[in-house]
Amino acid sequence: MDTFNAATHPNQKPLQTLWMLFFLLYASIGVSFTFINVYYASIGLTGTQIGLLSTIGALTSMVGAALWGFLSDRTGQARWIMAIGGFLAGGLFFLTPLMRTFTALVILTIGIGIFASSAFTLIDALTLTLLGEHRGQYGRYRLGGSLGYILTASLGGFIYQRLGLALIFPVYLFIMILFGIISLRLPVIHLPSSSQQKASLKGMVTQPAWLLFMFCVFLVWTASAGFLNFLGVTIQDMGGASSLIGLAGTIAAITEIPFMYYSGWFLQRLGVTRMLWISMAFYTLRLGLYSIMPSPYWVLGINMMNGPTYVFFWNSAISYAFQLAPAEYKATAQGFFIAVTNLSAMVGALLSGWLYDTSGPAGMFRVLGLFCLAAFTLFAFNRSPRTATV
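Given the structure is predicted, the values throughout are model-derived calculations rather than measurements.

The rules behind each value
- Residues numbered from 1 in each chain as written.
- Predicted model: local features only at pLDDT ≥ 70, side-chain atom pairs only at ≥ 80, totals over all residues.
- Heavy atoms only, no water.
- Helix = DSSP H or I, 4+ residues; strand = E, 2+ residues; numbered from the N terminus.
- Buried < 20%, exposed > 50% of the residue type's maximum accessible area, 1.4 Å probe, protein only.
- Contact = heavy atoms within 4.5 Å.
- Salt bridge = Lys/Arg side-chain N within 4 Å of Asp/Glu carboxyl O.
- Core = buried A, V, L, I, M, F, W, Y, C linked by side-chain atoms within 4.5 Å.
- Phe/Tyr/Trp six-rings, centres within 6.5 Å; stacked < 30°, edge-to-face > 60°.
- Lys NZ or Arg CZ within 6 Å of the ring centre and 35° of its normal.
- Axes fitted to C-alpha atoms, helices over the stretch in contact; angles between N-to-C directions.
- Parallel < 35°, antiparallel > 145°, perpendicular 65-115°, else oblique.
- Left-handed = near helix turned anticlockwise from the far one by under 90°.
- Nonpolar A, V, L, I, M, F, W, Y, C, P; charged D, E, K, R; others polar.
- Polar contact = N/O pair within 3.5 Å; in protein donor to acceptor, adjacent residues only side chain to side chain.
- pLDDT = per-residue confidence, 0-100.
- Patch = residues over 30% accessible without salt bridge, like charges linked within 9 Å, V, L, I, M, F, W, Y side chains within 5 Å.
- Areas by Shrake-Rupley, 256 points an atom, 1.4 Å probe, with all protein chains shown as cover.
- Expected span 1.5 Å × (residues − 1).
- Bend = angle between axes of the 7 residues up to and from the residue.

(A) Representation of the overall build of the chain within the structure. Each helix and strand in the chain was counted, giving 15 helices and 2 strands. When each of the 390 residues of the chain is scored for burial, the buried share is 60%. Sequence separation of 24 or more characterises 87% of the internal contacts of the chain that already satisfy a separation of 6 or more.

(B) Examining the side chain of Thr 17 more closely. Among the secondary structure elements, Thr 17 is positioned in helix α1 (residues 12-31). Overall, Thr 17 belongs to the buried group, its relative accessible area being 3%. In this structure, Thr 17 is in contact with Ile 182, Arg 185 and Leu 186, ignoring residues within four places of it in sequence.

(C) View of the pattern of salt bridges. On inspection of all chains with the given rule, the structure shows 1 salt bridge. Between Glu 256 and Arg 142 there is a salt bridge, and its shortest N-O distance comes to 3.8 Å. With Glu 256 in helix α10 (residues 242-261) and Arg 142 in helix α6 (residues 138-163), this pair connects stretches of sequence that are 114 residues apart. A single burial state applies to Glu 256 and to Arg 142, both of which are buried.

(D) Layout of the nonpolar core. Core analysis: the biggest nonpolar cluster contains 119 residues, and Phe 213, Tyr 290 and Phe 337 have the highest contact counts within it. Counting residues per element, this core draws most heavily on helix α9 (residues 208-237), which supplies 17 residues. Residues in contact with Tyr 290, not counting those within four places in the same chain, are Phe 227, Leu 231, Val 299, Ile 302, Asn 303 and Phe 365.

(E) Geometry of the packing of aromatic side chains. Within this structure, the stated rule accounts for 27 aromatic pairs. Grouped by ring-pair contacts, the aromatic residues Trp 210, Phe 213, Trp 221, Tyr 283, Tyr 310, Phe 313, Trp 314, Tyr 320, Phe 337 and Phe 379 constitute a single cluster. The aromatic ring of Tyr 261 is capped on one face by Arg 140, whose charged end is 4.1 Å from the ring centroid. A cation over a ring is seen here: Arg 142 above Tyr 26, with NZ or CZ 3.8 Å from the ring centre.

(F) Up close: the packing of helix α12 (residues 272-292) against helix α15 (residues 330-380). Contact pair α12 / α15: the axes reach a minimum separation of 8 Å and the direction vectors enclose 160 degrees. Classified by the interaxial angle, the pair formed by α12 and α15 is roughly antiparallel. Judged by the twist between their axes, the crossing of α12 over α15 is left-handed. Along its contact with α12, which presents Thr 273, Leu 276, Trp 277, Met 280, Ala 281, Tyr 283, Thr 284, Leu 287, Tyr 290 and Ser 291, the element α15 presents Ala 362, Phe 365, Arg 366, Leu 368, Gly 369, Cys 372, Leu 373, Ala 375, Phe 376, Phe 379 and Ala 380. Here the contact of α12 with α15 is composed, by residue class, of 16 nonpolar, 4 polar and 1 charged.

(G) Quick peek at the packing of helix α2 (residues 33-42) against α9. Their axes nearest at 9 Å, the elements α2 and α9 cross at an angle of 60 degrees. Between α2 and α9, the angle is such that the two are oblique. Every pair of crossing elements has a handedness; the one defined by α2 and α9 is right-handed. Along the contact surface, α2 presents Phe 33, Asn 37 and Val 38, while α9 presents Leu 228, Asn 229, Val 233 and Gln 236. The residue inventory of the contact of α2 with α9, partitioned by class, reads 4 nonpolar, 3 polar and no charged.

(H) Inspection of the side chain of Asn 315 at higher detail. Mapping Asn 315 onto the fold places it in helix α14 (residues 307-324). Asn 315 gets classed as buried once you look at its relative accessible area, which sits at 1%. Reaching out from Asn 315, the side chain makes a polar contact with the side chain of Ser 263 at a distance of 3.5 Å. Apart from residues lying up to four places away in sequence, Asn 315 is in contact with Tyr 138, Gly 139, Met 260 and Ser 263.

(I) Representation of the confidence of the model for the chain within the structure. In the predicted model, the chain carries a mean pLDDT of 83, and 90% of its residues have values of at least 70. Of the regions scoring below 50 in pLDDT, residues 1-10 engages in 22 contacts with residues more than four places distant in sequence or in other chains. Here residues 385-390 scores under 50 on pLDDT; set against residues more than four positions off or in separate chains, the count is 20 contacts.

(J) Region of the structure containing a nonpolar patch on the surface. On the surface, a cluster of nonpolar side chains totalling about 530 Å² of accessible area is made up of Trp 80, Ile 84, Phe 87, Leu 88, Ile 177 and Ile 181. When residues of the nonpolar patch are traced back to their parent elements, those giving at least two are α4 (78-94) and α7 (168-183). Tracing the sequence through the fold places Ile 84 in helix α4.

(K) Here's a closer look at the environment of Val 272. Looking at where Val 272 falls in the secondary structure, it is placed in helix α12. Linking Val 272 and Ile 318, residues 46 residues apart in sequence, is a C-alpha distance of 9.5 Å.

(L) Geometry of α15. When the terminal C-alpha atoms of α15 are compared, their 26 Å separation across 51 residues is substantially less than the 75 Å that a helix rising 1.5 Å per residue should span. Maximal helix bending in α15 amounts to about 130 degrees, located at Ser 359; proline Pro 361 follows within four positions.

(M) Representation of the environment of Thr 129 in the model. Structurally, the position occupied by Thr 129 is in helix α5 (residues 102-131). Placed 202 residues apart in sequence, Thr 129 and Ala 331 show a C-alpha to C-alpha distance of 9.0 Å. Looking at Thr 129, its side chain comes within polar contact range of the main-chain oxygen of Ala 125, at 2.8 Å.

In structure tokens:
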């Protein structure tokens, strides 16, 4: 059995495997998440029902994230957790077109949320652990995800427009089968243990820096999840085609590439807390622009802000969580972080669905922008010196 000790030396072979896993994981998002709400709308679901499905998926993913992170830290078997989760998530998602009632879709969404969360919870923790003191280079491996998303989102819009949205489901299954198989190439990771594990975990989650960080993550990701859930639907309602939805996602992914590749450089010069703060400012601006766009084609320009919004936020946030966590709870901390983002996605999906139905897309974007502005204000006046650099 291959093993890896985080205290010894970084190994390029598992890091290369993680690059491929990022590619496949975000390719699966490109073929599914980008278009799934459009599919739901095409079969007659209302905005509130679409938001409710996203909420339920996020809630179950939140529970799964905390569970998988803790289980990985206790067993060191992240690769098996990711592989089994990928297989089961793909299989369940494949059954979606067979569900004839909203209740059946709800039940299926619960299962998908639990198992799909294993990959998103563990892949970041594994990458940061394998990188060791070079974790500022995380973005170069996460770049595989950007390329995977670009490929599938750009092709998906044109293919689905010609062959139908039902193609989403077998393609997603195929990608997740590959993801599960390749996950088994990862090593078992043995992290240092402590006789005071319960105390160290409690100390991590109750420290002021952690609590403030989690609250700001909640606000920003609520807004992010909200606009991601309904941006495609907004484009469609404004007269845009499926190909425009895919192109918008592609542009966002392409423009994030240089920010991903040079994320280590940005982290070194800006520091983790400042980089988080800047991302919140850009999220506020981005949502404000969505709220005033007079044409669906505006989204192509606005989505070019994906670098200083999503990349800055995600890369600095996972580093912040990793630094605050004790050594024996690195994956657990990432699990908590993912759990909070899933809680945010749950609230964001439900809130944005309600806002979309009652206030229209412009009103929805304005309210979500205020969430980011609140996080920006809080974080600007409460930055922690502990995570100033990488």
